[in-house]
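Chain by chain, the residues run as shown.
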Amino acid sequence: MAPTTTTASVKDKRDGQSQTKPVQFAERATQAISSTHIDIQMDPEPVLQFRLLDRYDQGSMVEFLSRVESVTSNQLLDNIKSTAFDGWSAQWDESVTSTTLLHTLSATSRDPEMLVTDLSWNKTGSTVGVAFGRFDHESWCNHKGSLCTWSLASRLVEDTPTWTVETESCVMCIAFHPEIPSLIAAGCFNGQVLLAQTNEPKLDPLVAVSKMSDVTHQEPVAKVEWVPGGKPGTYNVMSIGNDGKVLTWDPENGLATPIAGSQLLMGSIPRHLRQSGSVKQDAVLGGTSFSFPSENQTVFIVATEPGYIVKCGRAMTTPLVRDEHASAYSAPLPSSQQRLVNPIQFAYAPHTGPVNAISCSTFHRNLFVSGGSDGLIHLYNVLQTKPLLTFSPSSASLYATVFSPHRATVFAATSADGLLYIFDLAHSPSLPHTTIQVTTKSSVAATSLAFSKGRADLIATGDASGIVKVWKVASALTTESVGREWRCVEALGRL
């Protein structure tokens, strides 16, 4: 038998590799909120009925009052003399140890060449008003100025202003109405005074604009303020210009013409205070700012371009209307030979160069501060010629100087090198309590400053780049320690 031969086939084998993407794992957790509703019903409280007694023992009441009156009166007198709570005040808000930035506001739609010329807070402290213009005009103004407001009532404050209106020329000053939060007075570079309202978007925001005439401002309006009118509960607008005119306007006549006016003249400056003996007696003193002492609206303190500071009488004015009850304000204007009355009553030691700001204390009827281009701040007593104290915070010009409306010993100033100085006389009689660089660089001037009247912890600054910043002030500069501050202020008032 032949042998059997078997042939086996060999299969090819190859090694190969493959790679898959790594498997991803993720863990998630959820939590369901469980809620429970419970109804509670309370029995209504019975209404208590009170009525006067038909008869009462008057003798026992008299006997009781006679017995306790002397004890109560003696205790009240002891409380008045007590110093147990001097330096203490209730802290209702969280204490803040330093002044910090809250908001940075910039109207992106404005002319980039416009700077912040003035600031004002409304009555409630929820809205800040901003005037945009320029200070460096070589001749007539060809710019379009604007007024803007930002509402700070909400937590989210945007760059876009809440309200804005364009004006014919640069706006140099602004003032909110003391009672109506939506009404604004402003003064312009072309000499116009205007009124604007912010609460009626469908109506023309410019309520009234003054007309140009021989008796109105011929140069920029430097300051406007609301002052009590002739009737109870009414307010007029008072303005001062670089032409030395101090004019009073009645909103009821649509600012058709000022109702009274005066003009600052060199003749009332004593010769020993004059910087040049050859100045003519009838030379006009350009006004830059004014302020009313507390408790006395019959006089006001004026700052001027030549550096003089003067006290003026509000009653010393030339009437510019025939009859305040007349339906048309068409009284003849003073002739070119007839000057407006000079209101200056008293003069103080001057600054060297223009005085840019003046502010009276709201706590003491005789104290006011001034800030000038010489970099000095003077603290004056209304009754004395020479300053009580002089501060030299900066070698640069000071643009704004303002007394705090919330703490008797605090005032603040801004300078051309972008600094904010906050002084507290109870802390130091010579050095600032706080110094802050409020602009992006020292070459940008801090041009304006305003304390919020509605909120003690807020202060706003404006600068030459058109930026407005709102700051939260340190609690030490806003809370009033009744004993210490008042003793300091009273001591200054007696110097």
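Small disclaimer: the values here were computed from a predicted structure and weren't measured. (Residues numbered from 1 in each chain as written. Predicted model: local features only at pLDDT ≥ 70, side-chain atom pairs only at ≥ 80, totals over all residues. Heavy atoms only, no water.)

**Observations concerning the confidence of the model for the chain**
Reading predicted coordinates in detail is not appropriate for stretches of low pLDDT.
Okay, so step 1: For the chain, mean pLDDT is 86; residues scoring 70 or higher make up 85% of the total.
Okay, so step 2: pLDDT under 50 marks residues 324–331. Its contacts with residues more than four places away, or in other chains, come to ten contacts. (pLDDT = per-residue confidence, 0-100. Contact = heavy atoms within 4.5 Å.)

**A short note on unusual backbone geometry**
Okay, so step 1: Phi angles above zero are rare outside glycine, and L255 is one such case at about 60°.
Okay, so step 2: You can see L255 is positioned in the loop between β12 (245–249) and β13 (260–263).
Okay, so step 3: Not every positive phi belongs to a glycine, and E295 is a case in point at roughly 70°.
Okay, so step 4: Here E295 lies in the loop between β14 (287–291) and β15 (299–304).
Okay, so step 5: For E295, a relative accessible area of 71% translates into the label exposed. (Helix = DSSP H or I, 4+ residues; strand = E, 2+ residues; numbered from the N terminus. Buried < 20%, exposed > 50% of the residue type's maximum accessible area, 1.4 Å probe, protein only.)

**Topic: the pairing of β13**
Okay, so step 1: The two faces of β13 match: A260 and S262 on one face and G261 and Q263 on the other face are all buried.
Okay, so step 2: Direction of pairing for β13 relative to strand β17 (residues 318–319): antiparallel, over a ladder of two bridges. In the strand pairing of β17, A260 is matched with P319. (Pairing = 2+ DSSP bridges.)

**As for the sheet that holds strand β2 (residues 115–121)**
Strands pair in a sheet through their backbones, by hydrogen bonds, and they do so in one of two ways: parallel or antiparallel.
Okay, so step 1: One open sheet holds the four strands; their spatial order is β2-β3-β4-β5, and the pairing between them is antiparallel. Strands at the two margins of the open sheet, each flanked by one partner only, are β2 and β5 (163–166). Sheet twist, expressed as the mean angle between neighbouring strand axes with direction ignored, is 15°.
Okay, so step 2: The sheet contact formed by strand β3 (residues 127–133) and strand β4 (residues 146–151) spans six bridges and is antiparallel. By the bridge assignment for β4, V128 is matched with W150. (Axes fitted to C-alpha atoms, helices over the stretch in contact; angles between N-to-C directions.)

**Some words on the pattern of salt bridges**
Okay, so step 1: On inspection of all chains with the given rule, the structure shows seven salt bridges.
Okay, so step 2: Two residues, R67 and E63, come together in a salt bridge whose shortest N-O distance is 2.8 Å. Of this pair, R67 and E63 both sit in helix α1 (residues 58–81), separated by four residues, roughly a single helical turn.
Okay, so step 3: Three or more residues joined by partner-sharing salt bridges are found here, namely R455, D457 and K472. (Salt bridge = Lys/Arg side-chain N within 4 Å of Asp/Glu carboxyl O.)

**Regarding the sheet that holds strand β20 (residues 367–372)**
Okay, so step 1: Strand order in the open sheet formed by four strands is β19-β20-β21-β22, with antiparallel pairing between adjacent strands. Looking along the sheet, the strands with just one partner apiece sit at the ends: β19 (355–360) and β22 (389–391). Sheet twist, expressed as the mean angle between neighbouring strand axes with direction ignored, is 20°.
Okay, so step 2: Pairing between β19 and β20: five bridges, direction antiparallel. If you follow A357 over to β20, its bridge partner there is G371.

**Regarding the nonpolar core**
Okay, so step 1: Counting residues in hydrophobic clusters, the biggest one holds 22 residues, and the most contacted among them are L105, L119, W121, V128, V130, F132 and W150.
Okay, so step 2: Those elements that place two or more of their residues in this core are β2, β3, β4, β28 (458–463) and β29 (468–472). (Core = buried A, V, L, I, M, F, W, Y, C linked by side-chain atoms within 4.5 Å.)

**Details of the side chain of T478**
Okay, so step 1: Of note, T478 is situated in the loop between β29 and α2 (482–494).
Okay, so step 2: Residues in contact with T478, not counting those within four places in the same chain, are H406, R407, A456, D457 and V473.

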